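Here is how the chains run, residue by residue.
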Amino acid sequence: MVEEFLKQCQQSGDSAYAAFRSVLERLENPNTRVQARLFLSDLHRRVGSSQDCLHRYHFQIQDIHLDQYEGYQGRKKLTMMVIPSIFIPEDWSFTFYEGLNRQTDSIFQDKTVAELGCGNGWISIAIADKWLPAKVYGLDINPRAVKVSWINLYLNALDDKGQPIYDHQNKTLLDRVEFHESDLLAYCRDHDIQLERIVGCIPQILNPNPDAMSKMITENASEEFLYSLSNYCALQGFVEDQFGLGLIARAVEEGISVIKPMGIMIFNMGGRPGQGVCKRLFERRGFHVTKLWQTKVLQAADTDISALVEIEKNSPHRFEFFMGLSGDQPICARTAWAYGKAGGRISHALSVYSCQLRQPNQVKVIFEFLKSGFQEISSSLDLFFQDDSVADEKIPFLAYLASVLKENSYFPYEPPAGSKRFRNLIAGFMRTYHHVPLTSENVVVFPSRTVAIESALRLFSPRLAIVDEHLTQNLPRQWLTSLAVENADIGLSEDSLTVIEAPHQSDLMIEMIKKLKPQVVVTGMAHFEAVTSSAFVQLLDVTREIGSRLFLDISDHFELSSLPASNGVLKYLSGTPLPSHAAVICGLVKNQVYSDLEVAFVISEDEAIFKALSKTVEVLEGNTAMISQYYYGCIFHELLAFQLADRHPPQERSSAKFSSAEMIGFATSAISVLNNAELSISNTDSFSIIHMDVDQSFLPVPSPVKAAIFESFARQNMSESEIDVTSSIKQFIKSNYGFPTDGSMEFIYSDCSQALFNKLVLCCIQEGGTLCFPAGSNGNYVSTAKFLKAKILNIPTDSEQGFKLTEKILEKALETVKKPWVYISAPTINPTGLVYSNKEMESILTTCAKFGARVVIDASFSGLEFEFESWSGWNLEAYLSKLNSSSNTSFCVSLLGGMSLKMLSGALKFGFLVLNQQNLVDAFYRYPGLSKPHITGRYAMKKLLGMRERKEGGLLDAINKHIRTLEMRAKRLKETLEKSGWEMVEPRGGISMVAKPSAYLNKVVKLNHPCKDGVSGGNAATYVVKLDDSTIREAMVKATGLCINSGSWTGIPGYCRFTIALEESEFERALDCIVKFKSIIGN
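Just so we're clear, the structure is a prediction, and the values are computed from it rather than from any experiment.

A. The sheet that holds strand β17 (residues 599-603), seen in detail. If you walk across this open sheet you meet the 7 strands as β11-β17-β16-β15-β14-β12-β13, and the pairing is mixed. Of all the strands in the sheet, just β11 (443-446) and β13 (498-502) have a single pairing partner and so form its edges. Along the sheet, successive strands turn relative to each other by an average axial angle of 20°, direction set aside. Across the sheet, helix α20 (residues 506-516) is in contact with β12 (464-468), β13 and β14 (520-523); its angle to β12 comes to roughly 175°. Relative to the sheet, helix α24 (residues 607-621) contacts β11, β15 (549-553) and β17, its axis offset from that of β11 by approximately 20°.

See the structure below:
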């Protein structure tokens, strides 16, 4: 029987494999297993272990000895078979096993283990025999290797008489080991097997062939193909491909998804790319790495290293070889190639690395996100940090950001006072760590501490304020240079605001307050005073007695830590409510990663102050960058997540009443705007609001945008050229608006265009100018100008012209205006959605030049024109050059823009301003407190602008799809509104449109609102209102939950605004609400 078997094997490798496959079938059958094992014993005795057997019979059975060190108690040897189409055990695998031996005996015991690239299975079997794991899965992509491994398992699980060999736990190797055909970890992933250990002696391919694995993989393929298959010759799509490490990189990333949190991966690594490159493969993916063992092996004589020579020629990288096994000085690939050609033997290091994820749950989330369509940015990911505190902050944030981007198709609406989640986390931190019983309704979020201070001062507009000298750096210069102190309490208009810088020390500050009697005090505290509450109490007392508003800055003493230092201010607030005349300001700048990433919050326990500050940030800033809130929110969350909720009941706080001098109230202009402007509505008692009143897109954020946002935080050490957006912005505005971008232009950036407009208004006021708004302008910007006390002229527009500004209307308006500043929303007009043509804009600019007007073109709402194929933008460069050379010297055109709508970037806000007159630039910089985009925002925006410039399909396709969606929605909304009694102005682009509620005007609406218990009738509140274009907003919200802008916002008498870039289901709900409102009015 043995001789017949050998005859069949002698024919060919395929015949030998077929013969052994029939033996395996008998081994797998319990009824024939003993006889089959006896046959293998006879076969081994007949052919021995000679190398000649492999050439003659196309197989070889050999012993691998495991007893080469003193004290070894396990099996002395393994008997293993190999065939030509699989790897034969060699130095690589023996070195790997030696590395495994350096681990403690508990490393594999009772663990679930997978071996990648198991070959003939000897390492899997050896692990099972020595360490008694719960299960070892030997995996190989080569189907013949799997079959041979099963034969070897039976060879070693049964003795020469075919009887099971039991270990001291009364189990055999058959109980502990399985072999499966698998492309790396595919088998474990597909069968939901969670692993505790992953080991791999994986090939490194020096010159990957992109076509190497294009054929179908079957066990009947040629021996040569199956051998190359085991070698994984294909490119793996990783940056490590260039070093031959792409397969290991893929194995590591697949391992992240199936390894348990405390799991360990152990890999064999050839040292040719250099030890630094090998370690970095693991470290940048979030692993802590330990080198278990290193030796040298001779480079195989048939391995061509010329590909490595080419890499060295074209890059600064140097590979690492040695002269023979005894050489200890590394040589590069080029030198090694020359030495080898001359007959020398070259070697390279061979190392065994053990690696364990530092933060396994978060890293798993990150890689799940990357696998969900964002693999192209994995090369930018770098999770290696020298400082553990940096890793502990950044990795959880990346995981949170990944989950947000993966799970949400769009970024939801958040109130301007700050994300409700973020404010809740701040309040939760205060309750948990400082025992201050705050809620989200006590916290208002600002872009920065400077913005918070300036906003507070503008809200109250005191004639005299004392500000800590450490906090005045970014306040307007004229506040700090006014000499109107002696007249501070009499006869000065509200427009005069004088800031006196005062010492940081509290006793000196208190003396200053007593002498000067300011209306507002903004101060910090010295470190030695912040430990106790006495200095804070003294400041509270003296400001109450004088009648001053107090804003106390605790930024320098506020620690984002699970062991925060004692804070006297917060210690006081844990037992006593914050008085109504006082508020606490805190700038969050103490993160471990980004020194320039700032968010601030203001704490007030006075409802009126909270609401006023919330509206002030909306009017002056729009809102705070959402990504920044996400970042700090993640830090707060990590500090709260491990704690038991509400373990300590809130401390009883005394609420003694104090008599105080009369306090300054809000500025008259602020009161007017805050009471009358149409600002955001966050909630009602009975509805979730549908926001058709905000300039934000809730359409799906495209994958390229999500990728750019994530990559901007995943990267480390970004170069200045990667975050310098100016060249990209120049190209963008030149190609879209034909706007001049020569060297005289000044480019200024902010988190949002509204903050830039705020500063332009201040420039206009300083110059004594008048802001001219056409009827049909952005109502938020009009509110900003009113809040800042600018002179305003409303220019009436004509319905026959679609409420566009015309040369005739403009000329008539400017005849009586000195120093006009003309605001134009263009090319796409917010709110009407109509579009100014190049010719129309030229005629408007001609008129402005005639009167020496300063023009502010606001392109923030442009870029989504419906006729985008025929709309080629403007080309104003030549015309502006002509006007500038022949016009009044005061004439200039500034371009204001925002990239959020154009780039469909959702939470990624980015505003820009282009100024072309030096005196205007100088004036602008007198107001330095501008919230500027973080480096991550600049990086992401530059990347997106580059895609747009290169016309890369993914982003452009998404933009075109959004435009088509908006166009379709505009038509659907038009149909619904017209059927419901509204008169429409049909838009040509953008996200908003206007309509007149003709059928509803002068009708009386009566609505019954349920009591708090939800039951209508009885004591239910009744809402009665006569409808006009200004009251219809409130009536619609109360009746249906749909929020629009009324005619007082649009500036067009009788016309309301609807924004249409809603999430799909919300848009459908909005249409239903319009129909519902009609039925309510009809009844």
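B. The environment of Phe 385, seen in detail. Along the polypeptide, Phe 385 turns up in the loop between α15 (360-371) and α16 (388-407). Note on Phe 385: relative accessible area 5%, which makes it buried. With 10 residues separating them along the chain, Phe 385 and Ile 395 place their C-alpha atoms 9.8 Å apart. Those residues in contact with Phe 385 that sit more than four places away from it in its chain are Arg 358, Val 390, Ala 391, Lys 394, Ile 395 and Gln 716.

C. Main features of empty space enclosed by the protein. Under the definition given, this model contains 8 cavities of 30 Å³ or more. At the level of elements, α24, α30 (753-767) and α31 (779-787) are the ones that each hand at least two residues to the lining of the largest cavity. Grouping the amino acids of the lining of the largest cavity by side-chain chemistry returns 12 nonpolar, 13 polar and 8 charged. Around the second largest cavity sit Phe 411, Pro 412, Tyr 413, Glu 414, Asn 623, Thr 624, Ala 625, Met 626, Gln 696, Gly 906, Ala 907 and Lys 909, which together line it. Here the residues of the lining of the second largest cavity sort into 6 nonpolar, 4 polar and 2 charged.

D. Broad picture of the confidence of the model for the protein. Per-residue confidence for the protein gives a mean pLDDT of 89; residues scoring 70 or more make up 91%. Mean pLDDT across the elements of the protein bottoms out in helix α10 (residues 223-230) (50) and peaks in β11 (98). Every residue in residues 210-217 is under pLDDT 50, and counting partners more than four places away or in other chains gives 15 contacts. Taken together, the stretch residues 1011-1018 has pLDDT below 50 and engages in 5 contacts with residues farther than four places along the chain or on a different chain.

E. Spotlight on helix α29 (residues 726-737). Under the 1.5 Å per step criterion, the end-to-end length of α29 is 16 Å for 12 residues, consistent within 8% with the ideal 16 Å. The set of residues buried in α29 consists of Ser 728, Ile 729, Phe 732, Ile 733 and Tyr 737. Buried residues along α29 cover an arc of 125° about the axis, so they all sit on one side. Looking at the packing, one finds that the buried side of α29 touches β19 (746-750), β24 (892-898), β25 (911-915) and α36 (935-949). One or two residues past the end of α29 sits Gly 738, with phi positive at roughly 55°.

F. Examining the environment of Ser 1079 more closely. Its location among the elements puts Ser 1079 in helix α40 (residues 1064-1082). Assessed through its relative accessible area of 37%, Ser 1079 is described here as partly exposed. It is 8.9 Å that separates the C-alpha atoms of Ser 1079 and Ser 980, two residues lying 99 residues apart in sequence. Of note is the side chain of Ser 1079, whose polar atom sits 2.6 Å from the backbone oxygen of Lys 1076.

G. How the structure looks around the nonpolar core. Counting residues in hydrophobic clusters, the biggest one holds 301 residues, and the most contacted among them are Phe 282, Phe 558, Phe 710 and Phe 1058. Element by element, the count of residues in this core is highest for α16, at 11 residues. Here Phe 558 is in contact with Phe 429, Met 430, Asn 567, Leu 570, Cys 586, Leu 588, Lys 590, Phe 601 and Phe 636, once residues within four sequence places are set aside. Leu 6, Tyr 57, Trp 92 and Val 136 belong to the second-largest nonpolar core, a separate cluster that totals 64 residues.

H. Seen up close, the pattern of salt bridges. Per the stated rule, a full pass over the model turns up 37 salt bridges. Put simply, Asp 160 and Arg 37 hold a salt bridge, and the shortest N to O gap is 3.1 Å. Here Asp 160, found in the loop between α7 (143-157) and α8 (173-176), pairs with Arg 37, found in helix α3 (residues 33-47); they are 123 residues apart in sequence, far enough to count as distant. By relative accessible area, Asp 160 is classed as partly exposed at 48%. The class for Arg 37 is buried, based on a relative accessible area of 4%. Arg 250 is the salt-bridge partner of Glu 254, the closest N and O atoms lying 2.8 Å from each other. Taken together, the positions of Glu 254 and Arg 250, both in helix α11 (residues 246-258) and 4 residues apart, correspond to about one turn of that helix. Each member of the pair, Glu 254 as well as Arg 250, carries the same accessibility label: buried.

I. Up close: the side chain of Asn 156. Position of Asn 156 among the secondary structure elements: in helix α7. Residue Asn 156 is classed as buried on the basis of its relative accessible area, which comes to 3%. Among the polar contacts made by the side chain of Asn 156, one reaches the main-chain carbonyl oxygen of Thr 79 at a distance of 2.8 Å.

J. Quick peek at the packing of aromatic side chains. Applying the stated criterion across every chain yields a total of 46 aromatic pairs. Between Phe 108 and Trp 131, the aromatic rings sit 5.1 Å apart at their centres with planes inclined by 65°, giving edge-to-face as the arrangement. Of this pair, Phe 108 sits in the loop between α5 (91-101) and β3 (112-116) while Trp 131 is found in helix α6 (residues 122-131), placing the two residues 23 residues apart along the sequence. Here the two residues Phe 108 and Trp 131 agree in accessibility, since each one is buried. Taking the centre distance of 6.1 Å and the plane angle of 50° together, the rings of Phe 282 and Tyr 353 count as tilted. Placement of the pair is Phe 282 in helix α12 (residues 275-283) and Tyr 353 in strand β10 (residues 346-357), with a sequence separation of 71 residues. Note on accessibility: Phe 282 and Tyr 353 belong to one class, buried. Through a chain of ring-to-ring contacts, the aromatic side chains of Phe 422, Phe 429, Tyr 433, Phe 558, Phe 601 and Phe 636 assemble into a single cluster. Sitting over the face of the ring of Tyr 17, Arg 144 holds its NZ or CZ atom 4.5 Å from the ring centroid. Looking at Arg 969, its charged tip hangs above the ring of Phe 1067, at a distance of 4.7 Å from the centre.

Thresholds, definitions, all that
- Residues numbered from 1 in each chain as written.
- Predicted model: local features only at pLDDT ≥ 70, side-chain atom pairs only at ≥ 80, totals over all residues.
- Heavy atoms only, no water.
- Pairing = 2+ DSSP bridges.
- Helix = DSSP H or I, 4+ residues; strand = E, 2+ residues; numbered from the N terminus.
- Axes fitted to C-alpha atoms, helices over the stretch in contact; angles between N-to-C directions.
- Contact = heavy atoms within 4.5 Å.
- Buried < 20%, exposed > 50% of the residue type's maximum accessible area, 1.4 Å probe, protein only.
- 1 Å grid on protein atoms, 1.4 Å probe; cavity = no way out; pocket = protein on both sides within 12 Å on 5 of 7 lines; lining within 4 Å.
- Points joined across faces, edges and corners; volume = space filled by probe spheres on them.
- Nonpolar A, V, L, I, M, F, W, Y, C, P; charged D, E, K, R; others polar.
- pLDDT = per-residue confidence, 0-100.
- Expected span 1.5 Å × (residues − 1).
- Arc of directions from axis to C-beta.
- Polar contact = N/O pair within 3.5 Å; in protein donor to acceptor, adjacent residues only side chain to side chain.
- Core = buried A, V, L, I, M, F, W, Y, C linked by side-chain atoms within 4.5 Å.
- Salt bridge = Lys/Arg side-chain N within 4 Å of Asp/Glu carboxyl O.
- Phe/Tyr/Trp six-rings, centres within 6.5 Å; stacked < 30°, edge-to-face > 60°.
- Lys NZ or Arg CZ within 6 Å of the ring centre and 35° of its normal.

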